[in-house]
Amino acid sequence: ADSGDADVELPSVRHQPEGLEQLLARTKFTKTELQSLYRGFKNECPSGLVDEETFTLIYGRFFPQGDASSYAHFLFDAFDADRNGALCFQDFAVGLSVLLRGTEQQKLRWAFDLYDVNKDGCVTKEGTLGGHWEGEAGGVGTARRGPASVLCSPQDMLEIMKAIYAMMGRCTEPALGASAPAQHVELFFQKMDRNRDGVVTFEEFLATCQE
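Residues numbered from 1 in each chain as written. Predicted model: local features only at pLDDT ≥ 70, side-chain atom pairs only at ≥ 80, totals over all residues. Heavy atoms only, no water.

(A) Structural view of the packing of helix α4 (residues 52-60) against helix α5 (residues 69-79). Contact geometry for α4 and α5: axes closest at 9 Å, N-to-C directions at 120°. The angle between the axes of α4 and α5 places the two elements in the oblique class. As for how α4 packs across α5, the hand of that crossing is right-handed. Residues Glu 52, Phe 55, Thr 56 and Tyr 59 of α4 lie in contact with α5, whose contacting residues are Ser 69, Tyr 71, Ala 72, His 73, Leu 75, Phe 76 and Phe 79. Along the lines of polarity and charge, the residues of the contact of α4 with α5 split into 7 nonpolar, 3 polar and 1 charged. (Axes fitted to C-alpha atoms, helices over the stretch in contact; angles between N-to-C directions. Helix = DSSP H or I, 4+ residues; strand = E, 2+ residues; numbered from the N terminus. Parallel < 35°, antiparallel > 145°, perpendicular 65-115°, else oblique. Left-handed = near helix turned anticlockwise from the far one by under 90°. Contact = heavy atoms within 4.5 Å. Nonpolar A, V, L, I, M, F, W, Y, C, P; charged D, E, K, R; others polar.)

Below you can see the structure in the form of C-alpha cells.
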C-alpha cells in the first residue's frame, strides 16, 4: 500500500513544466539551480515525499554529537507550510529560498514562525488557551489575531532552546548546566518583550532584530 501511495504522489513532485515555472516564480532560484536541488532531493528521498521520521534521520547526521530529534521536529514543521505531515520538493525549495535569498524581513518572519511552536497565532505562557493570554496581574485579555500579531510565549521559546541545547550536545565550551535554556529564554524576553506583557509579537521581534 505504501508503494502505491508513493506512486500516486510522484506525478505531482516530478514537476511538469508548469510546476517548474511556478517554482521559478515562487523562489529566487534559477532553473538550473532548481533542477540541481531536485536531483539531490530525489537522491535522498526517491518517493518524492519526506515524512518527519525520515527528515529527522537525515538532519541528525549533521549533529552526531547530540540529539537533534526535537529541533528537527520544529524545523520540519517550519518547512511543512501546508501542514500535511510530509515535505515535497516544493516545500523544501520555497523554504530554502527564503533562508538563502529572502529579504531580511522574510528571513525573520521564517525564524519567528519557527519559534511559534503552537502555530495557532495566539499562545499563552502555558500554551493552552488558544484565544487568550494571561496578563501580568493574572487577568485574561483577548489577544489580537492575524499575521502581524502572532504571539510567541516563553513556553514556546523554552521548548526551542531545550531542543537547540540537546542538538549541540557536548560540543559547547564550557559545559552548560541544566538551567541554561531557561536563562537563554529570559534574556531573549528581556530584550524582545518591549511592552513587558509577557509575550513577544512579530512586530517586537522584527523591531529588535533590525536595530
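Moving on from the coordinates now.
(B) Layout of the packing of helix α6 (residues 89-101) against helix α7 (residues 104-115). Contact geometry of α6 with α7 gives a least axis separation of 8 Å together with a crossing angle of 125°. Here α6 is positioned oblique relative to α7, judged by the angle of their axes. Read as a crossing pair, α6 and α7 show a hand that is left-handed. Residue-level contacts link Gly 95, Val 98, Leu 99, Leu 100 and Arg 101 of α6 to Gln 106, Lys 107 and Trp 110 of α7.

Read these as layout, nothing more, since geometry by itself doesn't imply function.
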